[in-house]
Amino acid sequence: MPPTRATPRIAAFFDLDKTVIAKSSAFVFSRPFFDQGLIDRRTVLESSYAHFLFLLSGADHDQMERMREHLTKMCAGWDVSQIRSIVAETLHELVDPLIYAEASDLIADHKIRGHDVVIVSASGEEIVAPIAAALGATHTAATRMVVENGKYTGEVEFYCYGEGKVEAIEKLAASEHYDLSRCYAYSDSITDLPMLEAVGHPTAVNPDRNLRREAVARNWPILTFSNPVSLWSRIPAPSSTTVAATAVVGVSAVLAGALSYRLLRRRR
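Predicted model, so just to flag it, every value in this text is computed and none were measured. (Residues numbered from 1 in each chain as written. Predicted model: local features only at pLDDT ≥ 70, side-chain atom pairs only at ≥ 80, totals over all residues. Heavy atoms only, no water.)

1. Considerations on the side chain of D192
For step 1, the next point in the chain: Looking at the secondary structure, you find D192 in the loop between β5 (184–187) and α9 (193–197).
For step 2, the next point in the chain: In contact with D192, other than residues within four places in its own chain, are D15, K165 and S187. (Helix = DSSP H or I, 4+ residues; strand = E, 2+ residues; numbered from the N terminus. Contact = heavy atoms within 4.5 Å.)

Structural data, given as structure tokens:
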């Protein structure tokens, strides 16, 4: 039956960085951006240092604002189609090995239960959307930049951060008929506290110190994801028995074909 307002649906909202993947999604693509001449060596070093601090202790509000200002200035004038092409060409190599196996299992569990999966991230939608698609997510909510004549202007159309994430999921809830009191949310950062408070089932994943304190005080579940594994590696390889059986069938088919061909020639 199609969902109606009388039959509300359930969604699981996942933050991306340090919740689903082990690194900052924006930082992951710094190398190909450098190779394409979009950023210089100094920017790469600055990004590496910022990423180290992010992994070490997370990011507070002031750090996120500085990061937003830095990224918007940096990408002004970039060609949007070039960014999408770089992400598409390097996604499997750079991002796939960083996906937490525990997050992948949790996403699969929600999908089995009939829940929609939504990736909600402060990173740009050109980066987030392909990652979400690879994860099998139903929807994506991400930061959108202003684009004119196919290039970024350096201005932000929508910043998917803090209360912005709540705005994004409430908009989705209205259009998809989600009952937020029955929905789930997962994040590692105290800056996502508004998103976690907006749903009935919040969970802290690899929480920073401040979020862990809040989770303990509110008796929220706390999960630790520590096993980044390539999605491709999780597809079971065929056993030696299967390979041998396949080989026997293949050889048998070749021999049967050859025998049929010889019989047909004799009849002729």
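2. Quick look at the pairing of strand β4 (residues 151–158)
For step 1, the next point in the chain: Across four bridges, strand β3 (residues 139–148) lies against β4 in antiparallel orientation. When the bridges of β4 are listed, R144 appears paired with F158.
For step 2, the next point in the chain: Counted between consecutive antiparallel strands, the loop separating β3 from β4 contains two residues, among which N149 sits at a positive phi close to 55 degrees. (Pairing = 2+ DSSP bridges.)

3. Focus: the pairing of β3
For step 1, the next point in the chain: Alignment of strand β2 (residues 116–124) against β3, held across four bridges, turns out to be parallel. If you follow I119 over to β3, its bridge partner there is T140.
For step 2, the next point in the chain: Taken together, β2, helix α7 (residues 125–135) and β3 form a β-α-β motif whose crossover is right-handed. (Right-handed = clockwise from strand over helix to strand, strands pointing away.)

4. With respect to the packing of aromatic side chains
For step 1, the next point in the chain: In the structure shown here, the tally under the stated rule is four aromatic pairs.
For step 2, the next point in the chain: With a centroid separation of 6.2 Å and 80 degrees between ring planes, the pair formed by F13 and Y178 is classed as edge-to-face. Remark: Y178 occurs in the loop between α8 (163–176) and β5 and F13 occurs in strand β1 (residues 11–15); sequence separation between them is 165 residues.
For step 3, the next point in the chain: Note on Y178: relative accessible area 7%, which makes it buried.
For step 4, the next point in the chain: Seen in terms of ring centroids, F14 and Y186 are 4.6 Å apart; in terms of plane orientation they differ by 20 degrees. Their pairing is stacked. Residue F14 is found in strand β1, and its partner Y186 is found in strand β5; the two are separated by 172 residues along the sequence. We note that F14, like Y186, is buried. (Phe/Tyr/Trp six-rings, centres within 6.5 Å; stacked < 30°, edge-to-face > 60°. Buried < 20%, exposed > 50% of the residue type's maximum accessible area, 1.4 Å probe, protein only.)

5. Things to note about the sheet that holds β1
For step 1, the next point in the chain: Strand order across the open sheet formed by seven strands is β4-β3-β2-β1-β5-β6-β7, with mixed pairing between neighbours. Looking at strand neighbours, the two that pair on one side only are β4 and β7 (222–223), the edges of this open sheet.
For step 2, the next point in the chain: Seen against the sheet, α8 touches β1, β2, β3 and β4 and runs at an angle of roughly 150 degrees to β2. (Axes fitted to C-alpha atoms, helices over the stretch in contact; angles between N-to-C directions.)

6. Comments concerning the pattern of salt bridges
For step 1, the next point in the chain: Inspection of every chain in the model, using the stated rule, returns nine salt bridges.
For step 2, the next point in the chain: Of the charged contacts in the structure, one is a salt bridge between R9 and D116, with a shortest N-O distance of 2.6 Å. Of this pair, R9 sits in the segment before β1 while D116 is found in strand β2, placing the two residues 107 residues apart along the sequence.
For step 3, the next point in the chain: Assessed through its relative accessible area of 24%, R9 is described here as partly exposed.
For step 4, the next point in the chain: Accessibility expressed as a relative area gives 9% for D116, which makes it buried.
For step 5, the next point in the chain: With a closest N to O distance of 3.2 Å, D109 and R113 form a salt bridge.
For step 6, the next point in the chain: In this structure R113 comes out as partly exposed when scored by relative accessible area, which is 43%.
For step 7, the next point in the chain: Salt bridges here are not isolated pairs; linked through shared partners, they connect R9, D116 and E176. (Salt bridge = Lys/Arg side-chain N within 4 Å of Asp/Glu carboxyl O.)

Scope: geometric values only; no functional claims are made or implied.
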